[in-house]
Amino acid sequence: MKILYYYHDSCGLGDFYLLFPVFDALRSKHKDDNITLLAREEIKDIASNKKWFNNYLDTGHTDYPINQYDRVYNWDIQRNGITLFYPPKKHFWDIVETNYDVVLDRSKFSDIFRLDLSADDKLQVDQILSTPEYAKPNIVIHTGHSYKFPYGKTPDYEWWYNLISALPNCNFFQVGTKKEPSPEEPSRISPDFDIQSTNRYDLRDELNLRQVAYLIEKTDTFVAIDSIVTHLSLHSNKSGVVIWGSSNINTHGHEHNINLEALRHCGKAPCIDLGGFIVSDDTNQNCCLMPNNSKKDSWPLVEEVIYELATNPAIETCTQDIL
């Protein structure tokens, strides 16, 4: 049987990575079938050398040969109602097990989420970290942007600046993107905050996602929002501090991390990560965690994050003068 997996361009990188155990379970179910993944280039990169797909097609091509396949899986998680129709305490993996009638082998997760890197990929990261100026404790950060869809997932620029500047004896390696929005989708893509601090080192768009996972593994810890970067900690199970805003910690969180949640003071639907196919962008911008709507101290305090970082012995020298 010929099977097509379709992952739409508007779907998130993080959800694709979290689907890895499902792909593994379905490969066991379709041992002798030919499976083609139709997705954008970034998706192909993160799935490099995984044995769940026989072929790759780039969504950059306009001719989608759907009729050539005996079965098509549409991996549009939002259209499956993953954040809208399920109890908030039900995790992503429990939901997809039900939706796709598979059993996920959680004992294999450490292998399933492990990403393959070439020697050159590792060398680039190792060379960055071997530079003498990076001899301090090293922290990876992923900030996102207040006006990057989906909204309400990150504190504002000042919050991140205060965190980084409060710990001058730590190096912060910022990953993410500098890419500007396109005319076609102006609200869905925004560059991550450009944090102007002397101990912030800008690696946005410098590393592929597999290298970001390796960077997290090789540094001391990370601070990030709910994003692909947080999920990439599954590559090594490296513990970090995750800041949760509009998205659901119970659905997408991981126990090995320190999870700090913002206070959603309105509790209305726009402050829940329902996805762009369910709620219009304009409605979602009314989230009470957006900069123009948020009340004082809605987000976890910077001091609270520093306190949590101090529980990591490798970071203790960074935080001892603050606490």
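Structural data are supplied above this passage.
Values in this document were obtained by computation on a predicted structure and should not be read as measured data. (Residues numbered from 1 in each chain as written. Predicted model: local features only at pLDDT ≥ 70, side-chain atom pairs only at ≥ 80, totals over all residues. Heavy atoms only, no water.)

Student: I tried to follow the overall build of the protein on my own but got confused; where do I start?
Tutor: Each helix and strand in the protein was counted, giving 13 helices and 10 strands. Looking at the protein as a whole, 53% of its 323 residues are labelled buried. Considering only contacts within the protein whose residues lie at least 6 apart along the sequence, 69% involve residues at least 24 apart. For the protein, the accessible surface area stands at approximately 14,900 Å², while carbon and sulfur atoms represent 47% of it. (Helix = DSSP H or I, 4+ residues; strand = E, 2+ residues; numbered from the N terminus. Buried < 20%, exposed > 50% of the residue type's maximum accessible area, 1.4 Å probe, protein only. Contact = heavy atoms within 4.5 Å. Areas by Shrake-Rupley, 256 points an atom, 1.4 Å probe, with all protein chains shown as cover.)

Student: Just to check I follow, could you spell out the packing of helix H6 (residues 119-129) against helix H8 (residues 209-218) for this structure?
Tutor: A pair of packed helices is characterised by two quantities: the angle between their axes and the separation of those axes. Interaxial distance between H6 and H8 falls to 10 Å at its minimum, and their mutual angle equals 40°. Between H6 and H8, the interaxial angle falls into the category oblique. Where H6 crosses over H8, the handedness of that crossing is right-handed. In this structure, H6 uses Asp121, Lys122, Gln124, Val125, Asp126 and Leu129 to contact H8, whose residues at the interface are Arg210, Gln211, Tyr214, Leu215 and Lys218. (Axes fitted to C-alpha atoms, helices over the stretch in contact; angles between N-to-C directions. Parallel < 35°, antiparallel > 145°, perpendicular 65-115°, else oblique. Left-handed = near helix turned anticlockwise from the far one by under 90°.)

Student: Where do I start with the nonpolar core in this structure?
Tutor: Generally speaking, nonpolar side chains in soluble globular proteins are found buried as a group. Core analysis: the biggest nonpolar cluster contains 61 residues, and Tyr5, Phe16, Trp75 and Leu232 have the highest contact counts within it. Examining the composition of this core, we find that six residues originate from one element, H8, more than from any other. Beyond its immediate sequence surroundings of up to four residues, leucine 232 is in contact with Tyr17, Ile46, Leu115, Leu209, Val212, Ala213 and Ile216. In this structure, Ile195, Val223, Trp299 and Cys318 belong to the second largest nonpolar core, which totals 30 residues. (Core = buried A, V, L, I, M, F, W, Y, C linked by side-chain atoms within 4.5 Å.)

Student: Would you mind showing me how to read unusual backbone geometry here?
Tutor: Excluding glycine, most residues fall at negative phi; most peptide bonds, likewise, are trans. Even without glycine at this site, asparagine 49 takes up a positive phi of about 70°. As for its position among the elements, asparagine 49 is in the loop between helix H3 (41-46) and strand S3 (55-58). Of note in this structure, aspartate 101 is not a glycine but carries a positive phi near 50°. The residue aspartate 101 is located in the loop between helix H4 (92-100) and helix H5 (109-112) in this model.

Student: Sorry, what's going on with the sheet that holds S3 here?
Tutor: Hydrogen bonds between backbone groups are what pair the strands of a sheet, and the pairing can be parallel or antiparallel. Taken in spatial order, the four strands make up an open sheet running S3-S2-S1-S4, and their pairing is parallel. Edge positions in the open sheet fall to S3 and strand S4 (71-74), since each of these has one partner strand only. If you compare each strand with its neighbour and ignore which way they point, the axes differ by 20° on average. (Pairing = 2+ DSSP bridges.)

Student: For this particular structure, what's the right way to read the environment of aspartate 101?
Tutor: When its relative accessible area of 62% is taken as the criterion, aspartate 101 is described as exposed. The sequence separation of aspartate 101 and alanine 25 amounts to 76 residues, and the corresponding C-alpha distance is 9.8 Å. With near-sequence residues (within four places) excluded, aspartate 101 lies in contact with Lys29 and Val96.

Student: What is the right way to look at the pairing of strand S5 (residues 138-142) in this model?
Tutor: The two faces of a sheet get side chains in turn, since along a regular strand they alternate between them. Burial of S5 is extensive: five of the five residues sit out of reach of the surface. Residues Asn138, Val140 and His142 line one face of S5 and the alternating positions Ile139 and Ile141 line the opposite face, and both faces are buried. Where S5 lies against strand S6 (residues 171-174), four bridges are found, and the strand directions are parallel. Opposite asparagine 138, over in S6, you have asparagine 171 as the bridge partner. This β-α-β element, S5 to helix H7 (residues 157-166) to S6, shows right-handed connectivity. With four bridges joining them, S5 and strand S8 (residues 221-225) adopt parallel strand pairing. Counted as the bridge partner of valine 140 is phenylalanine 222 from S8. (Right-handed = clockwise from strand over helix to strand, strands pointing away.)

Student: For this particular structure, what's the right way to read the sheet that holds strand S10 (residues 258-261)?
Tutor: Strand order in the open sheet formed by six strands is S7-S6-S5-S8-S9-S10, with parallel pairing between adjacent strands. Each edge of the open sheet is held by one strand with a lone partner, namely strand S7 (200-202) and S10. Sheet twist, expressed as the mean angle between neighbouring strand axes with direction ignored, is 20°. Direction of pairing for strand S9 (residues 241-244) relative to S10: parallel, over a ladder of four bridges. By the bridge assignment, valine 241 is partnered in S10 with isoleucine 258.

Student: Looking at this structure, I do not really get the pattern of salt bridges. What am I missing?
Tutor: It is possible for side chains of opposite charge to pair when their charged atoms get near one another. Tallying each qualifying case throughout the model produces 14 salt bridges. Linking lysine 108 and aspartate 24 is a salt bridge whose minimum nitrogen-to-oxygen distance equals 2.9 Å. Highlighted residues: lysine 108 in the loop between H4 and H5 and aspartate 24 in helix H2 (residues 20-29), separated in sequence by 84 residues. On the basis of relative accessible area, aspartate 24 is assigned to the buried category, the value being 15%. Notably, a salt bridge pairs arginine 204 with aspartate 194, separated by 3.3 Å at the nearest N-O pair. With arginine 204 in the loop between S7 and H8 and aspartate 194 in the loop between S6 and S7, the pair connects residues that are 10 residues apart, well separated along the chain. Residue classification places arginine 204 among the buried positions, given a relative accessible area of 5%. Residue aspartate 194 is classed as partly exposed on the basis of its relative accessible area of 35%. (Salt bridge = Lys/Arg side-chain N within 4 Å of Asp/Glu carboxyl O.)

Function cannot be read off these values alone, since they describe shape.
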